Amino acid sequence: MVFFELFYGSFWETSETKSQGDIGRASLPPRGWNSYDSFCWTITEEEFLQNAELVAQRLKPHGYEYVVVDFLWYRKKTIGAYTDSYGFDVFDEWGRMVPDPGRWPSSQGGKGFSEVAGKVHSMGLKFGIHVMRGLSLQAFNANTLILDTTTGKAYEEAGRQWRAQDIGIKERTCAWMKNGFMSVNTKLGAGRAFLRSLYQQYADWGVDFVKLDCVFGDDLDLDEIIVVSEVLNELSRPIIYSLSPGTNAKPIIAKEVSGLVNMYRVTGDDWDTWEDVSAHFNVARDFTAANLVGVKGLKGKSWPDLDMLPLGWLTEAELCFPLGQNKEENPARNIILRFGAGSNDGPHRYCRLNLDEQRTQVTLWSMVRSPLIFGGDMRKLDDATFSLLTNPTLLEINWFSSNNMEACSLSSTGKHSLSNHTEDKEKINVLETRVLALRSCKDVKANGWSTKVLDNNVEKVCWEENSNKRKAPFCLNKREALSASEGEMVYQHQNLGRLHLLVTERTELCVGASSNRKLTANEISRGSFSRCRSHANQMWENYNGTLMNSYSGLCAIMDFVRASSGGIRSWLATGRRGEIYLAFFNLNNQVTKMSAKISDITNAIHATSSKCSGTEVWSGTNLGAIKDSISMSVNAHGCALFVLNCT
């Protein structure tokens, strides 16, 4: 441990005490706290400020500076209100959401979050909020006027005042919150004026961080992302721009938004299950290999976000998911009957990940340089969780490492390889499944669809693998979309694909492009089948070999997904003082012995020396002089983290 103390002796003075405000907008991966994992949507002003004060006292010295109120802060906490209920939201005369005064008493009198933000700023922290795409369904139905921030009056163009129903696109409601929010037509001056009025209000409240949901991944709304980025770029107040949730997000899609934002989620919601943690390894590998970590973003840099850290004291995940139309089919039904629909006041519990799994999670997040946003209740922060969140080696890697890479991915080139030995010869099962996935229409793989006409004159749109002509093509029945039914309007604002894809000729189930509920990190979006309706999520255009969805503008492909029950991974990075970081990750269900040759490590990062010494962080083992290789037995779902000094 002598090496460790000498090496990191000046660490706190050189990195952790420096605010990101002093070094630029998201110049380093943001750190902070978010209310979602421990409070779902029902957090109160008192609970939020209690947590913020503890963040200031305990985590701020370690670089955590953002405290963020997650979704539905404008929803009244009453029986019948839940994540996809209708009619419980508070909004102003311009159709903009304002805090529920029952939970946020300081917001009364039109003050919004001004007083809360002021108190947060007085603690030396920065204040953030979660917001949804576009316009709320309630404001749309109320047909509120639109504010023109340049005049302070109703927006006027072409000799008339514009209202919510002029800009709202009802067929593009958020797929997993259909009773909540819809896209706005950004091609209209009134649509852009509405978005400008939203973010000007956030700036007036003193907001420093905005987490915009249901606009990325399967729910892509590139037009809104662009307009919001332009608005934030023009505001005098600097605001970090984060996107969420990003289910099924791929690097080719991320490249279109990374320069517009500062953070963007690349998975569904991460909860405290091993399946959720392990699901991040392939995603982390892909985004790092695509060189998207820390590239130029909105007035600073942008960072792929692996989601919040669900450690410590948490709420039940099921209570944060939207309820289905049929509560009999909802897994949270019994809990809701006990505690009231949408009350979300429990039950609570400590993180279900064991210590090895928690170490694996925070080590991966750090090696990938993901933002570190803690989700547990600060009022019950235990010593073990605090130690993980403030581990000096992890924080140094997270902010200041470079050349971050998954080392195992280099084995095919011969540059680096790892060997692993298990005492238990249990077979690792690898499952391969074909799923309907969404990609950028610019991806060459998107061009694989064709129309086939059967003997009974039924048209099908089919995906056929070029590499395997023997395999039966995947086909869906093709039908012109039905007219809008009662209560559903016809899409007025831009061209909409008029094609429905049915499971079979005789069913009335159509395929949608994104899930009708929020997905967890380990779930794969396969497209959802539900009653056919006039919603952009179920509308497709089939031309030039592609199948484009009208909800997101993304194209469908049939993708092969390999799911493994175990395996090993390793990551490498270099430090700002020349040190080398090596992490072993054991995804197996049994203890696994892992090893790596020093020559392979130094070759992978283009170092010239092969004489190394170092320590292992979690065990505190001093490795001394390392001759040829590093070897260690790693617990199931655990990791080893080495700090090497090669001279």
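Keep in mind that this is a model prediction, so the values were computed, not measured. (Residues numbered from 1 in each chain as written. Predicted model: local features only at pLDDT ≥ 70, side-chain atom pairs only at ≥ 80, totals over all residues. Heavy atoms only, no water.)

Draft legend 1. Inspection of the packing of aromatic side chains at higher detail. Summed over all chains, the structure comprises 23 aromatic pairs. Ring geometry for Trp73 and Trp205: centres 6.0 Å apart, planes at 80°, overall edge-to-face. With Trp73 in the loop between strand 2 (66-69) and helix 6 (114-122) and Trp205 in helix 9 (residues 189-205), the pair connects residues that are 132 residues apart, well separated along the chain. We note that Trp73, like Trp205, is buried. The interplanar angle of 45° and the centroid separation of 5.8 Å between the aromatic rings of Tyr202 and Trp205 together place this pair among those described as tilted. Highlighted residues: Tyr202 and Trp205, both in helix 9, separated by three residues, approximately one helical turn. Trp205 matches Tyr202 in its accessibility class, with the two residues each being buried. What links up through ring pairs into an aromatic cluster is the set Trp33, Phe39, Phe48, Trp73, Tyr74, Trp104, Phe113, Phe127, Phe181, Tyr199, Tyr202 and Trp205. Sitting over the face of the ring of Phe400, Arg576 holds its NZ or CZ atom 3.9 Å from the ring centroid. (Phe/Tyr/Trp six-rings, centres within 6.5 Å; stacked < 30°, edge-to-face > 60°. Helix = DSSP H or I, 4+ residues; strand = E, 2+ residues; numbered from the N terminus. Buried < 20%, exposed > 50% of the residue type's maximum accessible area, 1.4 Å probe, protein only. Lys NZ or Arg CZ within 6 Å of the ring centre and 35° of its normal.)

Draft legend 2. Quick look at unusual backbone geometry. Here Ser244 and Pro245 are connected by a cis peptide whose omega angle stands at 0°. At Asn403, a position not held by glycine, the phi torsion is positive, near 55°. Looking at the element boundaries, Asn403 is found in strand 19 (residues 402-406). Given the relative accessible area of 46%, Asn403 is considered partly exposed.

Draft legend 3. A look at the packing of helix 5 (residues 45-59) against helix 6. Contact geometry of helix 5 with helix 6 gives a least axis separation of 10 Å together with a crossing angle of 15°. Taken as axis vectors, helix 5 and helix 6 run roughly parallel relative to one another. Judged by the twist between their axes, the crossing of helix 5 over helix 6 is right-handed. The segment helix 5 lies against helix 6, with Glu45, Phe48, Leu49 and Ala52 engaging Val116, Lys119 and Val120. Split by residue class, the contact of helix 5 with helix 6 holds five nonpolar, no polar and two charged. (Axes fitted to C-alpha atoms, helices over the stretch in contact; angles between N-to-C directions. Parallel < 35°, antiparallel > 145°, perpendicular 65-115°, else oblique. Left-handed = near helix turned anticlockwise from the far one by under 90°. Contact = heavy atoms within 4.5 Å. Nonpolar A, V, L, I, M, F, W, Y, C, P; charged D, E, K, R; others polar.)

Draft legend 4. Focus on helix 5. Counted at 1.5 Å a residue, the expected span for helix 5 with its 15 residues is 21 Å, and the 20 Å between its end C-alpha atoms agrees. What helix 5 keeps buried is the set Glu45, Phe48, Leu49, Asn51, Ala52, Leu54, Val55, Ala56 and Leu59. (Expected span 1.5 Å × (residues − 1).)

Draft legend 5. Spotlight on the environment of Thr592. As for its placement among the helices and strands, Thr592 is situated in strand 33 (residues 592-597). Polar contacts involving the side chain of Thr592 include one to the side chain of Asn586, which spans 3.2 Å. In this structure the side chain of Thr592 is engaged in a polar contact, spanning 3.1 Å, whose partner is the backbone oxygen of Gln590. (Polar contact = N/O pair within 3.5 Å; in protein donor to acceptor, adjacent residues only side chain to side chain.)

The quantities given are spatial measurements derived from coordinates; they are silent on function.
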